[in-house]
Amino acid sequence: MYTLIAATTNAHKLREIRSILNIRSIALKSLADFKNSPTVIEDGQTFEENAIKKAREYYEFFRQPVIADDSGLEVDALNNEPGVFSARYAGERATDADNNRLLLERMRHIPAEKRQARFICTVCFTDGKNLKTFTGVRQGIILDELQGGEGFGYDPLFFIPEYQKTYAQMDREEKNRISHRGLAFAQLKAYLEEKLNFSEM
Ligand code: IMP
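Residues numbered from 1 in each chain as written. Predicted model: local features only at pLDDT ≥ 70, side-chain atom pairs only at ≥ 80, totals over all residues. Heavy atoms only, no water.

Draft legend 1. Up close: the site of the ligand. Every one of the 15 residues lining the ligand counts as a neighbour, but K13, D70, D155, K175 and R181 are closest to it. In the environment of the ligand, an oxygen atom lies 2.9 Å from a nitrogen or oxygen atom belonging to the side chain of D70. Taking H180, its side chain carries an N or O atom lying 3.1 Å from a nitrogen atom of the ligand. Put simply, the parts of the chain that give the shell around the ligand at least two residues each are β3 (66–75) and α5 (180–196). The element contributing the most residues to the shell around the ligand is β3, with 3 residues. When grouped by side-chain class, the residues that make up the shell around the ligand number 4 nonpolar, 5 polar and 6 charged. (Near = heavy atom within 4 Å. Polar contact = N/O pair within 3.5 Å; in protein donor to acceptor, adjacent residues only side chain to side chain. Helix = DSSP H or I, 4+ residues; strand = E, 2+ residues; numbered from the N terminus. Nonpolar A, V, L, I, M, F, W, Y, C, P; charged D, E, K, R; others polar.)

Okay, structure coming up:
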């Protein structure tokens with residue numbers, strides 16, 4: 001069994017990662033399985049910088065293959081904010097509700113045709129020898145009210161015209177098939193399957 005540590009404590013993200021990766025010969029662990037795992041400061045300017053930094057630092061700590069991802073929302077009308085600050089847009093201890101409220105407030109005067117945004121996810125894998133990054137992007141529109149009760153974060157505000165739904169109106173499987181995280185992790189999965197010659201369940 002090949003052990004892979006997902007460098008996250010976010011239970012929602014981990015659930016999504018588990019159902020996307022889903023390789024039988026990989027035992028996927030997360031930071032929640034270890035006591036005293038260090039905190040890595042996410043001070044990069046890009047999702048890729050943060051993902052690489054986290055993967056490297058957790059690899060140094062665990063000395064086992066690691067995946068680390070960084071993700072967030074870029075809104076055109078806000079000069080790509082909240083970007084790498086997505087998790088703490090409304091402050092260090094902000095909840096999803098706080099962040100959504102602030103986003104709605106900042107977008108209050110933005111007309112419908114200028115509400116484009118994108119979710120981006122970069123995942124980095126390293127086993128000490130190899131280091132690889134994979135990025136997924138999903139374009140959408142920021143609504144002016146919450147719609148849907150699934151998912152987490154900005155899901156209820158992120159509407160995807162092709163599907164006529166927000167992320168929060170999709171079940172987990174549907175979201176994973178089309179989401180920024182799904183697209184990034186599908187590339188990682190293909191890489192791992194080839195590299196390790198693993199097969200899907
Ligand atoms: P990270 O844990 O540093 O990657 O923070 C990502 C932040 O971006 C989350 O806390 C959410 O606010 C937002 N985010 C990333 N991916 C998603 C998603 O799939 N749905 C909703 N919000 C997301």
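Draft legend 2. Expanded view of the environment of S19. Mapped onto the elements, S19 comes out in helix α1 (residues 11–21). Through-space distance from the C-alpha of S19 to that of T166 is 20 Å; in sequence the pair is 147 residues apart. Once residues lying within four places of it in the same chain are set aside, the contact partners of S19 are R172 and N176. (Contact = heavy atoms within 4.5 Å.)

Draft legend 3. Structural context of the nonpolar core. In terms of nonpolar packing, the biggest core is built from 21 residues, with L4, L21, I67, F125, F185, L188 and L192 touching the most fellow members. Of all elements in the fold, only β1 (2–6), α1, β2 (26–30), β5 (116–126) and α5 reach the threshold of two or more residues within this core. Non-local contacts of L192, meaning those with residues more than four positions away in its chain, are made with L4, L21, I23, I26, F125 and N197. By size, the runner-up hydrophobic cluster in this structure holds 17 residues, among which are V75, L102, M107 and L157. (Core = buried A, V, L, I, M, F, W, Y, C linked by side-chain atoms within 4.5 Å. Buried < 20%, exposed > 50% of the residue type's maximum accessible area, 1.4 Å probe, protein only.)

Draft legend 4. Representation of the packing of aromatic side chains in the model. A complete count under the given rule lists 8 aromatic pairs for this structure. Ring centres of F158 and Y167 lie 5.0 Å apart, and the angle between their planes is 45°; on these two criteria the pair is classed as tilted. According to the relative accessible area criterion, F158 is buried, its value standing at 0%. Classification of Y167 as buried rests on a relative accessible area of 0%. Among the aromatic residues, those joined into a cluster by ring pairs are F34, Y58, F61 and F62. (Phe/Tyr/Trp six-rings, centres within 6.5 Å; stacked < 30°, edge-to-face > 60°.)

Draft legend 5. Representation of the pairing of β1 in the model. β1 sits mainly inside the fold: 4 of its 5 residues count as buried. The parallel pair β1 and β2, bridged by α1, forms a crossover whose chirality is right-handed. Bridge analysis of β1 against β3 gives 2 bridges, and the strand direction is parallel. Across the sheet, I5 pairs through a bridge with V66, a residue of β3. (Right-handed = clockwise from strand over helix to strand, strands pointing away. Pairing = 2+ DSSP bridges.)

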